[in-house]
Structure formats: structure tokens, C-alpha cells
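# Summary of the model geometry
So you can see what is in the structure, the chains are spelled out below.
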Amino acid sequence: MDRFRYLPGVVTLQIDVRRCDGCRMCVIVCPHAVFCMQDKKARILDADACMECGACAKNCPSGAITVRSGVGCATAMLIETLHRGSCCGG
Amino acid sequence: MANACGPTSDGRRPSRSPWVTGHVESAVGQVPQVDTTLRFADRLGAWKARWAIGRMRYSVPPGLYAVGRPGRESPVLVTANYKMTFDRVRSQLAAVDAWLLVLDTHGINVWCAAGKGTFGTDELVRRVAATRLQQLVAHRRLILPQLAAPGVAAHEVLRRCGFRVIYGPVRAEDIPRFLEADMQATPDMRRVRFPLRDRLAVAPVELVMAMKYILLMAICFFLLSGLGADGYSWQRAIAIGLPCAAVAAAVSFGSILLTPVLLPWLPGRMFAVKGFWLGVAMLGIVGVWSNVRQMPVRSWVAVASWCVLIPTLASFMAMNYTGSTPYTSLSGVRVEVRRAVPVQVIGAVIGVALWLTGRFV
């Protein structure tokens, strides 16, 4: 998967390390190995690999992770813009 | 009593499904036992779904199923009720005794259903209660596919129904190894890959869905080719319009097939840029083809129009592949759409204007 990288410096993923309780759930659920553990706290290792699926934020019991998640689909975005409504399969 | 656990919520009788081989007795009554070998009908069904034939109805009744001869200590595997997903999971479990809890994801796969929230905390908690899982098994563990995580909050599931969510591997083929390793997934099992096979998996559906637009575009090219300074001519529509329509359709089909195939090697991060370069390559092929066929080059305007139209069309088609990949972020696609679409619109306007001008000079 290392061959596939999307645009750098655009993702909204953030972690408030002070609130992290070190449960490792984000490390487990991330399909792109964005997180690593350092001093028993989760850290963002590779933000540009993030696809903003939201799995980490959803499974963070202490609410330390925030990300604007959604489907990265240009077709859905264009249709939404054209119809100004919710739409489209994924 | 016996019916309580049966997946009969939508009225279909699972016992009559060809993939149900019998029943297993349990603390909550009879549970349908599923076959772990796929038959011709399953493979045909998967093929049809890939070609968008009955794809949105390709589901199994949600509920509880047995694989092998599970008991009170057997693991509970949770999955979606898209039949292709269900088939992929059961076909990997030939040597396993387990319970299979199928959620109602409206016939959508795990990843997409999790993104929409149908493979979610609420449905999971509801299904655990409806199937009386607390009575069925002595342990309190649910094994979920890792790609369900965008929809399920493990800590909330634990709080609401007492079951601990364990995220298993991304791919069903790794389930036996995961179970053997005492439910420990290797880093490799946790990573999403995107090999050629997966990249091409959605190409047939994309082809079918794009077909009407491609046909419409081809018809437009055909009809407009009849225009000329001397009025409308059907002979000209056939002589010039047919090759034009063929080129437009070929470039569209080519983009849908070649963008996934060449994805790792096409230059650029943006799909619109990747598509542009693919378009430049296809333009070269069209150029060689028209030379070999000795197509009449009417004017430099006509040639220029194709130099703009083909890369623009390919760029647009490639951009639409962003929704089929497992690595494009919402923020990234927003940036891409904002930057690429204006350029594509300008390209389309200039290209069509040149092409129409070419009809009259």
C-alpha cells in the first residue's frame, strides 16, 4: 500500500495527546498504520496516509481523536453539488 | 422459541436457502448451519453482482448462523448481509466451529455499511439482544471485521450489551490464522492493500453505470458530425461522426479500465492528473490509429480539438475513480475537485468549441 499516497497536508486528523489513555484502539483499527505508541500514548506517525474513515475517532473512549470523516468520492461530491441534496451509493 | 434466533426478519426462510445444510441445537433453539463450500450458483451470483445485475438485492437474511459444530465457548464472528461478503466469510471457515452473526446492512458490504452507519453500534447491540447471544455463549466476545470500525464504537458496545468487541483482520481469508493465533492480528492483517485484482473489481459496475452517459456522448458526436458549412449531411455524419463517436467511447472505456490497472504508475497524486496523462497516451494511440486507417484530417482545428478533448475526458473519468479506492480522504478529494473541475470544464468548453468549429472550416 506504500505505493499509493494521496494529496499531502490536507487531512483533518488530530489527536489531543493529553486526553489519550493509551488503550491502543486507534493503532488497532487504522487500516493505514497512521498511529504509533510512544511513551504509552498514541501519536500520529503518518498523517498523510490517513483516509479519514473515522474508525479511530469512533473507537477512542476518551475522545482524544478528531477527524472530519466521510467518503472520498468525487462522483458523490459532484452529484451533491449539482442536486444540493444527499445522494449516491458508496 | 426455535424461531427467535432464526434470521426470518424479512420473511425469507433460511432453512430453504441452498447454502443452509442443516441445523445446530443450541441454548436458544435451532440455528441454521451454513455450507462452507461455494457452489456454482454462489459464484454466478457474485459475477452478476459485479456486473450490477441485481446487485442491490444481493443479500442474505440477517441473524444467527452456525459454522461447523459450535458450542458455548465458540467464537462469534460478525459480518454484513451482502451475500458476496457472507460467502467470502463462510468459504474461509471450513475448518472452524463458530457462530456467525449477520447484521442487517441492507445488502451492503462491511466497509461501505460502516461508513454509512448501518454496520453500526445500534444494529450490533440490537442484533445481539434479538439473537439472545448472552444465553447462547458463555464468553462475552464479538469478533468484528476491522473495516467495520468506522461504524462501531467498541467501548459503547461493551457498555450497552456487555460484549467486548475484538477487531479481527481486514480480509476474511485471514480469519482462520487470526483464530489460531489466539485472536491476535499481525500488522499485515491490519493493513488495507490495493492489488490489481481489487483495483479492477469495481470496473464492470463502473462500466455499466457509465454506459448510458457514454452512449449519449457518442450519439451527440455522431449527430453533430453531420453539420457543415453546406448544411446537414447524413453521409458526413456516417463518414466522420462514426469514427468520432467511436473515439469518444473508446477513450471512456479505456479510462475506466486503464485507470485502475495503471494506477501505481500514472504520474501525479491527483486522479485528475493521472487521468490527464493516461489521456495523453490514449491521444497518441488515436493519432497512430487514424494515421494507419488514413482517416481524412480535415483541418488543424479538428486535430487540436481532440488534443484537448481526449485528455480532458480521461482526466474527468479518472477523477471519478476516487470513490473506489481505499486510500483517498474526503479532504483530499475536496481539494482535488476544487482544483481539477474548473480546468476540466474549461478544457471541455474549448475542446467542444474547437470541434464544432472544425465542422465548418
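Residues numbered from 1 in each chain as written. Chains lettered and ligands numbered in written order. Predicted model: local features only at pLDDT ≥ 70, side-chain atom pairs only at ≥ 80, totals over all residues. Heavy atoms only, no water.

Turning our eyes to something else, we now look at the interface of chain A and chain B. Where interface size is quoted, it is often the accessible area lost as the parts come together. Between chain A and chain B, the contact holds 40 residues from the first and 44 residues from the second. For the pair chain A and chain B, the summed buried surface comes to about 3700 Å²; carbon and sulfur atoms form 64% of the total. Applying the counting criterion to the chain A and chain B interface returns 0 salt bridges. Between chain A and chain B we count 17 residue pairs in polar contact (both at pLDDT 80 or more) in total. Mapped by element, the contributors of at least two residues to the side of chain A that touches chain B are α1 (25-29), α2 (55-58) and α3 (74-83) of chain A. (Contact = heavy atoms within 4.5 Å. Buried area = accessible area lost by both parts, 1.4 Å probe. Salt bridge = Lys/Arg side-chain N within 4 Å of Asp/Glu carboxyl O. Polar contact = N/O pair within 3.5 Å; in protein donor to acceptor, adjacent residues only side chain to side chain. Helix = DSSP H or I, 4+ residues; strand = E, 2+ residues; numbered from the N terminus.)

Let us now look at the pattern of salt bridges. Residue and element names in this part refer to chain B. Considering all chains together, one arrives at 14 salt bridges over all chains under this definition. Arginine 90 serves as the salt-bridge partner of aspartate 42, at 3.1 Å between the closest nitrogen and oxygen. Of this pair, aspartate 42 sits in helix α1 (residues 40-50) while arginine 90 is found in helix α2 (residues 83-90), placing the two residues 48 residues apart along the sequence. Given a relative accessible area of 0%, arginine 90 falls into the buried group. Close ionic contact of arginine 127 with glutamate 123 constitutes a salt bridge, the shortest N to O distance being 3.1 Å. With arginine 127 and glutamate 123 both in helix α4 (residues 121-130), this residue pair falls 4 residues apart, about one helical turn. With respect to class, arginine 127 is no different from glutamate 123; both count as buried. One network of salt bridges, in which partners are shared, links Asp42, Lys83, Asp87 and Arg90. (Buried < 20%, exposed > 50% of the residue type's maximum accessible area, 1.4 Å probe, protein only.)

Another aspect to go through is the domain arrangement of chain B. Residues and elements named next belong to chain B. Along its sequence, chain B is carved into domain 1 (14-190) and domain 2 (196-360). Each of domain 1 and domain 2 was reduced to a C-alpha centroid, and the two centroids are 42 Å apart. Of the roughly 510 Å² buried where domain 1 meets domain 2, counting both sides, 72% is carbon and sulfur surface. Remark: the boundary between domain 1 and domain 2 carries 0 salt bridges. Across the domain 1-domain 2 interface, the total number found is 1 residue pair in polar contact (both at pLDDT 80 or more). For the side of domain 1 that touches domain 2, the class distribution of residues is 3 nonpolar, no polar and 2 charged. (Domains from an automatic or database assignment. Nonpolar A, V, L, I, M, F, W, Y, C, P; charged D, E, K, R; others polar.)

For the rest of this paragraph, the subject is the confidence of the model for chain A. On average, residues of chain A carry a pLDDT of 90, and 90% of them reach 70 or more. Across residues 86-90 of chain A, confidence stays below pLDDT 50; counting only partners more than four residues off in sequence or on other chains, it has 6 contacts. (pLDDT = per-residue confidence, 0-100.)

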